[in-house]
Amino acid sequence: MTDTLDLFLPCAAGCADYLADEVAALTGQARAALRIDRAGVGLRADWNAVLRLNLYSRIAQRVLVRLWHGRYAGEDDLYAAAATQAWEDWLTPRHTVKVDVTAQRSPLRSLHFAALRVKDALCDRLRARCGARPSIDTARPDVRVHLHLGADDATLLLDTSGEPLFKRGWRSDTGEAPLKETLAAAIIAATGWTGTDGDGAPVPLFDPCCGSGTLVIEAAQIARRQAPGRLRRFAFERLLPHDPARWAACRAAARAQEIDWPADRPPIAYGSDVSFRMVDFARRNAERAGVGAAAAFRGGDALQRLPPAPGPGVLLLNPPYGERIEAAGVAGGLGADAFYERLAAHWKTHFGGWTAWILSPDRDLPRRLRLQPSRRIPLFNGPIECRLMRFDLRARTAKSDEPSAD
């Protein structure tokens, strides 16, 4: 049953190409063999791949097994499709179950009733095969089934992840609307940053608006080669195909590949924030994530912080925007134009030779910075359409203060 599975890994809009590169590297499959669309990446793989993708994927939101895909006209068609699935291969009547439904242009009037029909089919099948039916738990189910409805086609999927994969297990302290770890990983992948250059020399990464530290911690884990799922549990551990010995071996291999980072080695990823409360949050999060020595945090205004390590390096930030500009520090109250003009001037004075990457929904950001982006990459932060923009910083000269160009 688990020799060849039809897997689907959903991701945030704009991230599928980076997820495809990651999946190809983790599974050894050619990128051309993957199914890549706006919503995620599909592939044929075995149970070992399920374990590895859950443990190692930084960009996927979940790892799902696609059980059925076909056309439907009403709820009875969904019941019939669900009733043909060999649920007894995955769970027993002792498990608890939940069915989640998403829809896009579905003609059905009630998504709740659609979920109910799938649940009924699952329970009826297990009662017929095993003599009893599972219970429903909408809060913390053992097994989560996903039903996606299109205009005339539907897909049934089994969730092997449980909690979404952005929940790495280390975040306890957060600020307002923290960046999800999966998006942070996709951003880092888009920049091409790995912690070293082509010659193996360290390349520092610095987020001067770090908040609770998501970008910095994700980068430090990448530099340490830490599996992002190393601290958490997964839904597949409660499914019948689960083999504890195989899973223990997979986790042991992940631990063996980690790079030691002694306290006397300089950090590779740095963060600062004008809020000392957020800096404290970031430090505690970094310790829980196992990168307390590889990541360093300090308080300070984005318009005043100097390079934390010899460059050239990478500036990477998701800065405040709109009314949140006032939280940025000394430019608060001067408006977005003043803040970004002063930020660009500060960078040209002190960060010449560095590369700045900024995620922002502000299409006017280059004008505000008076810098010309060399790349613009569309990414979505939740429902917000953003651009990840690259700026190649040149040092300010006495003769000219013209905008940087490619």
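Preceding this section is the structure that the text describes.
Just so you know, these numbers come straight off a predicted model, no measurement behind them.

Enquirer: With reference to specific residues and values, describe the overall build of the chain.
Expert: Counting its secondary structure elements, the chain contains ten helices and 15 strands. Scaling as 2.2 N^0.38, a compact globule of 406 residues should have a C-alpha radius of gyration of about 22 Å, and the chain matches this with 24 Å. A principal-axis box enclosing the C-alpha atoms of the chain has dimensions of 80 × 45 × 40 Å. In the chain, which comprises 406 residues, the share counted as buried stands at 52%. Within the structure as shown, the chain displays about 18,100 Å² of accessible surface, and the carbon and sulfur contribution to it stands at 49%.

Enquirer: An account of the environment of Ala 190 is requested, with residue identities and associated values reported.
Expert: Looking at the secondary structure, you find Ala 190 in helix H5 (residues 181–191). Each C-alpha atom, one on Ala 190 and one on Ile 377, is 8.1 Å from the other, the two residues being 187 residues apart in sequence. If we ignore the near neighbours within four places in the chain, the residues touching Ala 190 are Tyr 18, Trp 357, Arg 375, Ile 377 and Leu 388.

Enquirer: So what's going on with the state of the cysteines? Residues and values would help.
Expert: The final tally for this structure, using the stated rule, is zero disulfides. Free cysteine: Cys 130, not disulfide-bonded; nearest cysteine sulfur from Cys 123 at 11 Å. A residue is classified by how much of its surface remains accessible, and Cys 130, at 40% relative accessible area, is partly exposed. Not part of a disulfide, Cys 210 finds its nearest cysteine sulfur in Cys 209, a span of 8.3 Å.

Enquirer: Outline the pairing of strand S13 (residues 355–360), supporting the account with residue identities and numerical values.
Expert: Counting buried residues along S13, six of its six residues qualify, which places the element largely inside the surrounding structure. Alternating residues of S13 divide into Thr 355, Trp 357 and Leu 359 and Ala 356, Ile 358 and Ser 360, and every residue in both groups is buried. When strand S12 (residues 314–317) meets S13, the two strands line up parallel, connected through four bridges. Paired with Leu 317 across the strands is Ile 358, a residue of S13. Alignment of S13 against strand S15 (residues 384–392), held across six bridges, turns out to be antiparallel. Opposite Ile 358, over in S15, you have Met 389 as the bridge partner.

Enquirer: Lay out the pattern of salt bridges in plain terms, naming residues and giving numbers.
Expert: All chains considered together, the criterion is met by 31 salt bridges. The shortest N-O distance in the salt bridge between Arg 129 and Glu 88 comes to 4.0 Å. Note that Arg 129 is positioned in helix H4 (residues 111–130) and Glu 88 in the loop between helix H3 (75–83) and strand S5 (96–103), a separation of 41 residues in sequence. Relative accessible area serves as the criterion here: at 48%, Arg 129 is assigned to the partly exposed category. Close ionic contact of Arg 127 with Asp 124 constitutes a salt bridge, the shortest N to O distance being 3.0 Å. Placement of both Arg 127 and Asp 124 in helix H4 is noted, with a separation of three residues, approximately one turn of the helix. Residues joined in a network through salt bridges with shared partners are Asp 337, Asp 362, Asp 364, Arg 367 and Arg 368.

Enquirer: Please provide a residue-by-residue account of the sheet that holds strand S1 (residues 5–10), values included.
Expert: Strand order in the open sheet formed by eight strands is S2-S3-S1-S4-S8-S7-S5-S6, and the pairing between neighbours is mixed. Taken across any chain shown, the strands that pair with only one partner, and hence form the sheet edges, are strand S2 (35–37) and strand S6 (135–136). Two elements, strand S7 (residues 143–149) and strand S8 (residues 153–159), share five bridges in a ladder whose sense is antiparallel. The residue of S8 that forms the bridge with Val 145 is Leu 158. Here helix H2 (residues 47–56) sits on the sheet in contact with S1 and strand S3 (40–45), set at roughly 15 degrees to S1. Sheet strands touched by H4: S5, S6, S7 and S8. Its angle to S5, the strand with the most contacts, is close to 140 degrees.

Parameters and conventions
Residues numbered from 1 in each chain as written. Predicted model: local features only at pLDDT ≥ 70, side-chain atom pairs only at ≥ 80, totals over all residues. Heavy atoms only, no water. Helix = DSSP H or I, 4+ residues; strand = E, 2+ residues; numbered from the N terminus. Rg over C-alpha atoms; globule rule 2.2 N^0.38 Å. Buried < 20%, exposed > 50% of the residue type's maximum accessible area, 1.4 Å probe, protein only. Areas by Shrake-Rupley, 256 points an atom, 1.4 Å probe, with all protein chains shown as cover. Contact = heavy atoms within 4.5 Å. Disulfide = S-S within 2.5 Å. Pairing = 2+ DSSP bridges. Salt bridge = Lys/Arg side-chain N within 4 Å of Asp/Glu carboxyl O. Axes fitted to C-alpha atoms, helices over the stretch in contact; angles between N-to-C directions.

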